[in-house]
Structures are given as structure tokens and as C-alpha cells.
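Chain and residue survey
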Amino acid sequence: MTRMTSTTRPLLNRRLAEFGTTIFAEMSALALSTGSINLGQGFPDTDGPEEVREAAVRALRDGRGNQYPPGPGVPELRTAIAVHQQRRYGLSYDPDTEVLVTAGATEAIAAALLALLEPGDEVIALEPYYDSYAACIAMAGGTRVPVTLRPHEGSFRLDLDELRAAVTDRTRLLLINTPHNPTGTVLTRAELAAIAELAVERDLLVVTDEVYEHLVFDDAEHLPLATFPGMRERTVTIGSAGKSFSFTGWKVGWVTSAPGLVTAVRSAKQFLTYVSSGPFQYAVAEALALPDSYFTAFREDMLAKRDLLAAGLTEAGFEVFRTAGTYFITTDIRPLGESDGFAFCRALPERAGVVAIPNAVFYDHREAGAPFVRFAFCKRTEVLEEAAKRLRAM
């Protein structure tokens, strides 16, 4: 029998063997090499409110946050998060024991899963899902169990019977994302109530990624799962300044939950980044106190951009699914005579000078996502108009 040595054993931890370079890096590199319009990665191409940027400059100049901030986050931001949750949703949190600031929502997800899972625990996630979910579940030694959102009457919907059937004696946690990336689905009150009832009945923890809470459109409404009966004490809610204020590079996210859950997540988080984004935390505290008019204008601007890109994609021959939240549009490429999203997206920069993301990367069941492609509309109006023009010409 050949003994495994350091020279024959793979260098990458086998839990991460399936995760190579992210599709975002690949497609962004394609955008650069071809000079294409990048509608793949979800970051705005303009900065957020000037007064928030100036608040960060002021904090830097005043020496606030230039050294290590407190581990749980600066008190001003933790208080602002608690006030935001109370004002918008009626959720009361103690800023000292029930709020934790993280290096963006990505770290919040990682810390929550590393803290709450043990090897063999099953995690149910809504498929397609943001790629860090799968990697973080793997790093924690958990087993991911996808429940697939499927197209129905122009949007992607959750099958509650399939969700319930997926729960086993090994299920530890539900990982819920609403508004949902990449499909743009916003879970309804009835769907969230059913999820809450299931979590209470089966005594499950829930981690909810709600980073797009301020981007809901038409008749959709964002309802935090923690507001439902029996859920506050078992739900870890994750928010983000990057998506709400268009400063994605600042990497300021947060967790709100009951004291025991926050303590558990903080125990893992302190050995990841320890702390981060010192001066930006003070700026985000001011951002969360912006008047409702800011959030209304932000949402209306993104709604107009959604409609602009959706119209262009429809005219270009795509089937366009309704986006009720986030700043992404999912399309079906089969009306174009295509069925392989990977091949389509890799060829699209040369064919049309536009970059998109194949949704299949967000699926365990790759065949279920094969014909779907995601476009981001969080770009300047003139950029979206040019992208639509190029796609129509294709």
C-alpha cells in the first residue's frame, strides 16, 4: 500500500476541491480582455451618497477607526443597526449583545456557518444560491441539501412541499436568501410563514441573507424572517451596507440575533478577520440614519434600470423572468436557440461585447440551471442602454 506523503497528497483541502477560481473572476477577466460591458459581477459603477463618503473621510481625518475597532463593531454602528431594525421592522435588538459587525455579508455567512455547524450536519439552501454558501458549508464540514427554485408563471418560486421533504433528522440549519440572488425572487408572507412553522416544528436554526432588503420592486415586500412567531430566538439575520449604499468595497456587514447566537458567531468571526473597515463603520452608522427619501430614490432608480435592461433583453430575444428584488435579471437563452449557459456566456463578449454570468454555477443540479443567464443592472443608465443596443444587434 502506498503511503500518502506531502508530495502526493493534494495541496488543497479536499473539502474545497470542487471550488476553483470563481466564475466572477473568469468573466471579469473576459470583460477586461475584450473591452466588454461587464453586467456579470454585482457591483455598481457609481459611488453611493456623497454625504456618506464624506463621513468616511471625516472619520479618517479625526482618527476614528484607524486602529483596531472593538471586536463586535464600533458602538455607533451597532446602535445604528439596532435603530434601523426597530424603525423599519419593529425588531428590537440590544446593540451590546445582539448585534455584530462583520467584514461584509460574506464573512457573516462564513462565521455563522463555521460557528453553528459540525461535521455531518445538513444545511438546506435555496438553489440556485450565491457561491460562497456552498464553500462555507464545505469548510464547516456540513452537507448541503439544495431545494430548487423553479420557473413558474414568469418568476422563480419555492416548492414548500419539497422544502419540508428535504428536512431530515440530520438537518441543523436552513439557509434562506430573500430577496434572492440570482433569481430576483422575494419570498411572500405565506412562504415565510410556512418556513417559520417548519423551523419551529423541527427545531431548526435559520440563517437569513437579507442584503437586498432595500431593493424590492412592484408589489413585493421584504419581511424579515425574524419577525415571524418563534423565529427571533432561532434566526441569524445578515445585512450589508454594500448593497444598500453602493459602497461594496468597504465590506461592512452585520449580524443581528439573540445573544447566544451572536456570541457563537462572534467566536468564529474573531478568528477570521478579527476586525475590519474601522473608519467605514462610522460612515455606515450615518448612512443607516439617512431619511426614507434616500431609500425610496435608490429603489426607484434601480427599478428604472431594471425595466430598461429587461426591455432590451426581451427585444434581443431572451425570455426575461420578473425581478421582484435585488439588482439582477435572470434570463432563459433557449428562445435564442441556445441551451448551454456556460458556452453562451464565454462567447458573449466576442459576439456582443457584453459579459453575463451562467446561473448553472449557482446550482448543485447543473442541468436545472443550464439554460439560465444572469445580468446585473446596477450600472449607469448610459451603460445599460449601450449593453441593450449591443445585445439587440447580436
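Residues numbered from 1 in each chain as written. Predicted model: local features only at pLDDT ≥ 70, side-chain atom pairs only at ≥ 80, totals over all residues. Heavy atoms only, no water.

**Some remarks on the packing of aromatic side chains**
This is how the line gets drawn: A pair of Phe, Tyr and Trp rings is counted when the ring centres sit within 6.5 Å of each other, with Trp represented by its six-membered ring. The angle between the planes then sorts it: under 30 degrees is stacked, over 60 is edge-to-face, the rest tilted. Only lysine NZ and arginine CZ atoms are considered, and such an atom sits over a ring when it is within 6 Å of the ring centre and within 35 degrees of the ring normal.
Counted under the stated rule, the structure contains 19 aromatic pairs. On the numbers, 5.1 Å between centres and 75° between planes, the contact of Tyr294 with Phe295 is edge-to-face. Joined through ring pairs, the aromatic side chains of Phe245, Tyr294, Phe295 and Phe298 make up one cluster. The ring centre of Tyr282 lies 4.9 Å from the NZ or CZ of Arg64, which sits over that ring. Between the NZ or CZ atom of Arg374 and the centre of the ring of Phe328, over which it lies, the distance is 3.7 Å.

**Some points on the environment of Pro119**
Selection criterion: Starting at the N terminus, helices and strands are each numbered in turn, a helix being any DSSP run of H or I of at least four residues and a strand any DSSP run of E of at least two. Contacts were defined at the residue level, with two residues in contact if any of their heavy atoms lie within 4.5 Å.
Within the secondary structure, Pro119 is located in the loop between α4 (104-116) and β3 (122-127). Sequence spacing of Pro119 and Thr256 is 137 residues, and the spatial spacing of their C-alpha atoms is 25 Å. With residues near it in sequence (within four places) discarded, Pro119 still touches Arg15, Ala140 and Gly141.

**Focus on the sheet that holds strand β14 (residues 357-358)**
Two modes of strand pairing occur in sheets, parallel and antiparallel, and in both the strands are linked by backbone hydrogen bonds. Keep this limit in mind: Strand pairing requires that DSSP identify at least two bridges connecting the strands. Between N-to-C directions, angles cover 0 to 180 degrees, with each direction set by a line fitted to C-alpha atoms, over the stretch in contact for helices.
Taken together, four strands build an open sheet; the order of strands is β11-β12-β15-β14 and the sheet is antiparallel. Each edge of the open sheet carries a strand with a single partner, namely β11 (319-320) and β14. Where β11 lies against strand β12 (residues 328-332), two bridges are found, and the strand directions are antiparallel. Bridging from a neighbouring strand, Val320 pairs with Thr331 of β12. Set on the sheet, helix α11 (residues 292-315) makes contact with β11, β12 and β15 (372-376); between it and β12 the angle comes to about 15°.

**Looking at the side chain of Asn177**
Going by this rule: N or O atoms within 3.5 Å of each other form a polar contact, as long as, within protein, one can give a hydrogen and the other can take it, and as long as residues adjacent in sequence are counted only when both atoms are side-chain atoms.
With respect to the helices and strands, the residue Asn177 is situated in strand β7 (residues 171-177). A polar contact of 3.0 Å, which involves the side chain of Asn177, links it to the backbone oxygen of Pro179. Within the local environment of Asn177, its side chain forms a polar contact with the backbone oxygen of Asp209, the two atoms lying 2.9 Å apart. Sequence-distant contacts of Asn177, defined by excluding residues within four places in its chain, comprise Tyr133 and Asp209.

**Quick word on the pairing of β15**
What counts, and what does not: Think of it in three bands: with a 1.4 Å probe and only protein chains considered, a residue is buried below 20% of the maximum accessible area for its type, exposed above 50%, and partly exposed in between.
Of all five residues in β15, five are buried; the element is thus mostly enclosed. Alternating positions in β15 separate into two faces, Phe372, Arg374 and Ala376 on one and Val373 and Phe375 on the other, with burial throughout. As judged from the five bridges shared by β12 and β15, these two strands associate in the antiparallel manner. Following the sheet pairing, Ile329 is matched in β15 by Phe375. Examined bridge by bridge, β14 and β15 share two bridges and lie antiparallel to one another. By the bridge assignment for β15, Pro358 is matched with Val373.

**Points about the packing of α4 against helix α9 (residues 259-269)**
Worth spelling out the cut-off: By definition in this entry, angles of less than 35 degrees are roughly parallel, angles greater than 145 are roughly antiparallel, angles of 65 to 115 are roughly perpendicular, and the rest are oblique. Residue polarity follows a fixed list, in which Ala, Val, Leu, Ile, Met, Phe, Trp, Tyr, Cys and Pro are nonpolar, Asp, Glu, Lys and Arg are charged, and the others, Gly among them, are polar.
Taken N-terminus to C-terminus, the directions of α4 and α9 make an angle of 105°; their axes are 8 Å apart at the nearest point. As the angle between them shows, α4 and α9 are arranged roughly perpendicular. Each of Glu107, Ala111, Ala112, Leu114, Ala115 and Leu116 in α4 lies in contact with α9, whose residues at this interface are Leu261, Ala264, Val265, Ala268 and Lys269. Broken down by class, the residue content of the contact of α4 with α9 amounts to nine nonpolar, no polar and two charged.

Purely spatial values, then, with no claim about function.
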